Amino acid sequence: MSRDDQELPRSGGPKLFCDLTQSWSDVGGGVRTYLLHKRRHILEATPHSHLMIIPGPQDAVIEEDRAITVTIASPKVPGSPHYRFMLRNRAVKNALERFRPDLIESQDAYNLPWSAIGHRKRYPQTALVAAYMTDFPTVYCERPFSKIIGKTLGGLCGRICYAYCGALYRRFDAVFGLSENGGAAKLRAQGVENVDIVPLGVEVGEFAPAKRDPALRRKLGLADDQPLLIYVGRLDGEKKPDVVAEAFRKLPEALGAKLVLLGEGPLKEQIASFGDKRIIMPGYVSSRTEIARWLASADIYVSGMADETFGVSIVEAQASGLPVVGVEAGAMIDRVDQTVGRLGPVGDSDAMARNILDIWASDHAAMSARARTHALQFSWDRSMEDLFGSLYPAAFARRAEAMATAAARASGRLVRA
């Protein structure tokens, strides 16, 4: 399936779409889920082909008809063993040279987008798309640096990173975020034009209030009038489950509430050290059916995560009929309003505890129904239609226009202003 050296992209026929990312997890994660749904859509609903270039334990190329997977041997990320650093740009360059995709989409903001840009310099007809999947200037720069060097310098580092994002993404033919407040607005503020919003899909059919399991609640020692709070995700500093646990411990004991933290991570031991037997930590659950059962059997979803770019876990909780208590930041602002939950300041466990009590005292049934309705707007069909029906055609059109402009300049027909 390698391209002949003289072959150009076919203007109207089947194309080769490439996803280039290091945000690939061995066991799950938003990017992996997105890419697998995209591959299924391409193979089942289009005549096109799909190339994924991802990190792995070894170099490998797997070609299965219209599906190609290239893994680049990459070391594991310390503290996140299911992710890997893909740093071998030469190997990436060789893979792109071999298969010559018509369009490359990058889900990272580090070294890999520059590999795509370098490839486009050699093959100017290649359309480039960038997906803003992680708000890294805040998550991995401003917040951690502020703890070490203070908020002023930490904020400066964050602004530098956002300026870098602007300089990077202005080179792409199309850019999209997963929500307005989770990324799109921040890129526009850096001068990136034509930033679209393409929400991720959620398998809302897997999650529903009907999957509530009274036996699970009885096993936890809960009566119908005792609230079960739940959080699903990594137990690490970025997700802030410790703030959730602190808020829970500030609830009146007479409420009879319990908290389930479904996941693994470095903060698990710290939370366990509280010695609070009302906090239940079953560990990582891989079965989607089991996660759906836990969610539907709970009463309120609680999250301290400030930097969601989409909020898959939020939407899955809403599909399960759960009101959400969260923080007023990132995509949470787009997912949760007063009709389906409550938001408070980032890192404020007192405010979170008050919001939990407020929701429990509200019309829980009405809020649950509205949460379910809100979640049903998200589907993978919608996401794929946004990509293949709108965003990708726009990227190809802008690339064609840029090439025509360059050709006109080269021939002297277009004079610079």
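What counts, and at which threshold
Residues numbered from 1 in each chain as written. Predicted model: local features only at pLDDT ≥ 70, side-chain atom pairs only at ≥ 80, totals over all residues. Heavy atoms only, no water. Helix = DSSP H or I, 4+ residues; strand = E, 2+ residues; numbered from the N terminus. Rg over C-alpha atoms; globule rule 2.2 N^0.38 Å. Contact = heavy atoms within 4.5 Å. Areas by Shrake-Rupley, 256 points an atom, 1.4 Å probe, with all protein chains shown as cover. Lys, Arg positive; Asp, Glu negative; His and termini not counted. Charge placed at Lys NZ, Arg CZ, Asp CG, Glu CD. Axes fitted to C-alpha atoms, helices over the stretch in contact; angles between N-to-C directions. Parallel < 35°, antiparallel > 145°, perpendicular 65-115°, else oblique. Nonpolar A, V, L, I, M, F, W, Y, C, P; charged D, E, K, R; others polar. Phe/Tyr/Trp six-rings, centres within 6.5 Å; stacked < 30°, edge-to-face > 60°. Buried < 20%, exposed > 50% of the residue type's maximum accessible area, 1.4 Å probe, protein only. Lys NZ or Arg CZ within 6 Å of the ring centre and 35° of its normal. Expected span 1.5 Å × (residues − 1). Salt bridge = Lys/Arg side-chain N within 4 Å of Asp/Glu carboxyl O. Core = buried A, V, L, I, M, F, W, Y, C linked by side-chain atoms within 4.5 Å.

Counting its regular elements, the protein chain contains 15 helices and 16 strands. In terms of overall dimensions, the protein chain is globule-like: its C-alpha atoms have a radius of gyration of 23 Å, near the 22 Å expected for 417 residues. Taking the principal axes of its C-alpha atoms as reference, the protein chain extends roughly 80 × 50 × 40 Å. Sequence separation of 24 or more characterises 66% of the internal contacts of the protein chain that already satisfy a separation of 6 or more. Counting only carbon and sulfur atoms, one obtains 53% of the accessible surface of the protein chain, whose full area is about 18,300 Å². One finds the centroid of the 53 positive side-chain charges in the protein chain at a distance of 4 Å from the centroid of its 49 negative side-chain charges.

Direction vectors running N to C along helix H1 (residues 30–45) and helix H15 (residues 380–411) enclose 70 degrees, while the axes themselves pass 10 Å from each other. The angle between H1 and H15 places the two elements in the roughly perpendicular class. Of the residues in H15, those in contact with Thr33, Tyr34, His37, Lys38, His41 and Ile42 of H1 are Trp380, Met384, Leu387, Phe388 and Tyr392. Class assignment of the residues belonging to the contact of H1 with H15 gives a composition of 7 nonpolar, 3 polar and 1 charged.

Right, let's get into the packing of aromatic side chains. The tally for this structure, following the rule as stated, stands at 12 aromatic pairs. Ring geometry for Phe388 and Tyr392: centres 5.0 Å apart, planes at 85 degrees, overall edge-to-face. Of this pair, Phe388 and Tyr392 both sit in helix H15, 4 residues apart, roughly one helical turn. The exposure classification of Phe388 matches that of Tyr392, with both residues buried. Following the ring pairs from residue to residue traces out a cluster consisting of Phe17, Phe388, Tyr392 and Phe396. For Lys15, the ring lying beneath its charged end belongs to Phe396, and the centroid distance is 5.2 Å. The ring of Phe274 carries Arg249 above its face, with NZ or CZ at 4.8 Å from the centroid.

Helix length check: H1, at 16 residues, gives a terminal C-alpha distance of 22 Å against a target of 22 Å (1.5 Å per residue), a fit within 8%. For H1, every residue scored as buried is listed here: Val31, Tyr34, Leu35, His37, Lys38, Arg39 and Ile42. In this fold, the buried residues of H1 make contact with strand E1 (16–20), strand E2 (49–56), strand E4 (67–73), strand E7 (103–106), strand E9 (174–177) and H15.

Time to look at the environment of Arg288. Tracing the chain through its elements places Arg288 in helix H10 (residues 288–297). For the pair Arg288 and Glu206, spaced 82 residues apart in sequence, the C-alpha to C-alpha distance is 7.4 Å.

Now for the pattern of salt bridges. In the structure shown here, the tally under the stated rule is 25 salt bridges. A salt bridge links Arg288 to Glu206; the shortest N-O distance between them is 3.3 Å. Linking Arg288 in helix H10 with Glu206 in the loop between strand E10 (195–197) and helix H7 (214–219), this pair joins segments that are 82 residues apart in sequence. What makes Arg288 partly exposed here is its relative accessible area of 35%. A relative accessible area of 28% places Glu206 in the partly exposed class. Taken together, the salt bridges that share partners define one network made up of Asp19, Lys38 and Glu105.

Once that is clear, we can look at helix H11 (residues 312–319). Where burial is concerned, most of H11 is hidden: 7 out of the 8 residues are buried. Looking at the buried side of H11, the elements it contacts are strand E11 (228–232), H10, strand E14 (300–302), strand E15 (324–327), helix H12 (332–335) and helix H14 (364–375).

Quick look at the nonpolar core now. Tyr34 and Tyr301 are the most contacted members of the largest nonpolar core, which has 85 residues in total. For this core, the element with the most residues is H15, which contributes 7 residues. Not counting the four nearest positions on each side in its chain, Tyr301 is found in contact with Ile230, Tyr231, Val232, Leu295, Ser313, Ile314, Ala317, Leu322, Pro323, Val324 and Val325. Formed by 36 residues, the second largest nonpolar core is a distinct cluster that contains Ile68, Ala91, Ala184 and Leu187.

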